[in-house]
Amino acid sequence: MGLSIVMIALLILSGAEIFFQVISKFITFIMGIFNKGFQIGEKGRPFIKLPSAILFLIASIYFIMNLAFKVATLLGFSLDESMTDIFK
C-alpha cells in the first residue's frame, strides 16, 4: 500500500511537470527570490523534463502491472511466477 501511495505521488508530480511546468515554475520562483530576473533557459528545460517523463513512465508501468495482476486474479489465472504465465 505504501508503494502505491509513493507511485501516485510520483505520477501526479511528474504529470504536473510534463503538462503544466509546475516544478519549473517553482524553481524559477525560488531562484527569483535570490537572483532577480532568473529564468531557466532552453538548455536547462530538458534536465527537468526528462527525469519527469521517466518517473511518469515508471509509475504508469507500475499501475498497468497492478491492473494486469488484479484482472488475472479476477479471471482465475495464476501469476505467481511471472507475467508470462498468462500464455501457458
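Before reading on, note that the structure itself is shown above.
Predicted model, so just to flag it, every value in this text is computed and none were measured.

Asks: Could you clarify how one ought to interpret unusual backbone geometry in this entry?
Replies: Apart from glycine, the bulk of residues carry a negative phi angle, and the bulk of peptide bonds sit in the trans form. Phi is positive for Gln21, which is not a glycine, with a value near 55°. Relative to the elements of secondary structure, Gln21 occurs in the loop between α1 (2-20) and α2 (22-34).

Asks: Any chance you could explain the pattern of salt bridges here in plain terms?
Replies: Pairing of side chains with opposite charge becomes possible as their charged atoms draw close. Counted by the stated rule, this structure contains 1 salt bridge. Where Arg45 meets Glu42, a salt bridge forms, and the shortest distance between an N and an O atom there is 3.5 Å. Arg45 sits in the partly exposed class, given a relative accessible area of 33%.

Asks: Looking at this structure, I do not really get the side chain of Ser24. What am I missing?
Replies: Among the structural elements, Ser24 can be located in helix α2. Filtering out sequence-adjacent residues up to four positions away, Ser24 remains in contact with Glu17, Ile40 and Ile48.

Asks: Explain α2 to me, please; I cannot follow it from the model alone.
Replies: Side chains of residues three or four places apart in an α-helix project in the same direction, reflecting 3.6 residues per turn. If you check α2, its first and last C-alpha atoms are 19 Å apart, about what 13 residues at 1.5 Å a residue would give, namely 18 Å. If you check which residues of α2 are buried, you get Ser24, Thr28 and Gly32. The arc that holds the buried residues of α2, viewed along the axis, is 70°, so those residues lie on one side. Relative to its buried face, α2 has exposed residues pointing more than 90 degrees away, namely Phe26, Phe29 and Phe34.

Asks: Is there a simple way to think about the packing of aromatic side chains in this case?
Replies: Working definition: an aromatic ring pair is given by the centre-to-centre distance plus the angle between the planes. Counted according to the given criterion, the structure contains 2 aromatic pairs. Where Phe19 meets Phe56, the ring centres are 6.4 Å apart and the plane angle is 85°; that geometry is what we call edge-to-face. Linking Phe19 in helix α1 with Phe56 in helix α3 (residues 46-75), this pair joins segments that are 37 residues apart in sequence. Overall, the relative accessible area of 56% leaves Phe19 in the exposed class. With a centroid separation of 5.2 Å and an interplanar angle of 75°, the aromatic rings of Tyr62 and Phe63 are classed as edge-to-face. Assessed through its relative accessible area of 25%, Phe63 is described here as partly exposed.

Asks: Could you clarify how one ought to interpret the environment of Ile27 in this entry?
Replies: Here Ile27 is to be found in helix α2. The residues contacting Ile27, other than those within four sequence positions of it, are Phe38, Ile40 and Ile48.

Reading guide: rules and limits
- Residues numbered from 1 in each chain as written.
- Predicted model: local features only at pLDDT ≥ 70, side-chain atom pairs only at ≥ 80, totals over all residues.
- Heavy atoms only, no water.
- Helix = DSSP H or I, 4+ residues; strand = E, 2+ residues; numbered from the N terminus.
- Salt bridge = Lys/Arg side-chain N within 4 Å of Asp/Glu carboxyl O.
- Buried < 20%, exposed > 50% of the residue type's maximum accessible area, 1.4 Å probe, protein only.
- Contact = heavy atoms within 4.5 Å.
- Expected span 1.5 Å × (residues − 1).
- Arc of directions from axis to C-beta.
- Phe/Tyr/Trp six-rings, centres within 6.5 Å; stacked < 30°, edge-to-face > 60°.

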